[in-house]
Amino acid sequence: MTQYAIITDLNRCVGCLACTVACKAVNNVPVGAFWIKTLRVGPNPIEGGSGDWPDVEMYFLPIQCQHCADPECVKVCPTGASHKAADGTVQIDKSKCIGCQFCAMSCPYNVRYLNEEERVVEKCTLCEQKIAQGELPQCVAQCGSRARFFGDLEQGVDGFEAPAPPQALSCDYAEMQQTRVTLKEYVEPYTEDEIHRLPDVGNGPELMYLLRSDRKWRG
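By the naming in an unreviewed UniProt entry, the protein chain is 4Fe-4S dicluster domain-containing protein, taken from Eggerthella lenta.

Scanning the protein chain for helices and strands turns up seven helices and 12 strands. Over its C-alpha atoms the protein chain spans a radius of gyration of 18 Å, differing by no more than 12% from the 17 Å that the globule rule assigns to 219 residues. Reported as C-alpha extents along the three principal axes, the dimensions of the protein chain are approximately 50 × 45 × 35 Å. Looking at the protein chain residue by residue over its 219 residues, the buried ones come to 48%. A separation of at least 24 residues holds for 57% of the contacts in the protein chain among residues at least 6 apart in sequence. Carbon and sulfur atoms make up 51% of the accessible area of the protein chain, which totals about 11100 Å². Here the protein chain contributes 21 positive and 29 negative side-chain charges, whose respective centroids are spaced 4 Å apart.

Further remarks concern the nonpolar core. Core analysis: the largest hydrophobic core is formed by 53 residues, its most contacted members being Ile7, Phe149, Phe160 and Leu183. Residue contacts for Phe149: discarding those within four places in its chain leaves Ala5, Ile6, Ile7, Val140, Phe160, Glu161, Ala162, Val181, Thr182, Leu183, Tyr186 and Val187. Ranked by size, the runner-up nonpolar core spans five residues in total, among them Met58, Phe60, Cys143 and Ala147.

Relative to the assigned elements, Asp152 resides in strand E8 (residues 148-152). Between the C-alpha atoms of Asp152 and Ala5, which are 147 residues apart in sequence, the distance is 6.2 Å. Only 3.0 Å separates the side chain of Asp152 from the backbone nitrogen of Gln3, close enough to count as a polar contact.

Definitions and limits used
Residues numbered from 1 in each chain as written. Predicted model: local features only at pLDDT ≥ 70, side-chain atom pairs only at ≥ 80, totals over all residues. Heavy atoms only, no water. Helix = DSSP H or I, 4+ residues; strand = E, 2+ residues; numbered from the N terminus. Rg over C-alpha atoms; globule rule 2.2 N^0.38 Å. Buried < 20%, exposed > 50% of the residue type's maximum accessible area, 1.4 Å probe, protein only. Contact = heavy atoms within 4.5 Å. Areas by Shrake-Rupley, 256 points an atom, 1.4 Å probe, with all protein chains shown as cover. Lys, Arg positive; Asp, Glu negative; His and termini not counted. Charge placed at Lys NZ, Arg CZ, Asp CG, Glu CD. Core = buried A, V, L, I, M, F, W, Y, C linked by side-chain atoms within 4.5 Å. Polar contact = N/O pair within 3.5 Å; in protein donor to acceptor, adjacent residues only side chain to side chain.

Laid out in structure tokens, this is it:
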């Protein structure tokens, strides 16, 4: 069964918010609402260090819908508006949504909100309009540090893809977006133990975060 997801290499993420801005632009996210929020974790003292620079560590953590395997939001929806799609993503059928917000209250990650104008709940869709055409989610396509990769968990995380870096090509923007690199061939080496998910309360979050044990902030 297909399960589309994103993995973010937190050792590469610089907190530029390009993913947030690109997401808002392509999905027409209302002012004051976000499908991706980027948190700064730290700086915290490194264990055994002085507690002063450079003995500190920090990273940026993008939070969005985790497209869970067994989502609580789907269980509590009284109309079936929130549902798991065939590609494994969690979607909202706005024609069925009554704006009760039960789903928003049940989400462990606080990533849903009520669109006050339309009176329906919204959240990250993993850019379903793009992935249906073989494109990458906009947050992946516009990540300048190549920290975000998209793919099917059933095919293995090593093969998750991002646009090829422009310095590796002599091409225009459109060609760059059509040329892909995989997680395994592009980022620094990693182990299975360094792939993490947000806390699981029985819902099975599917988005992943790559955070290596040597995560000292390098500025």
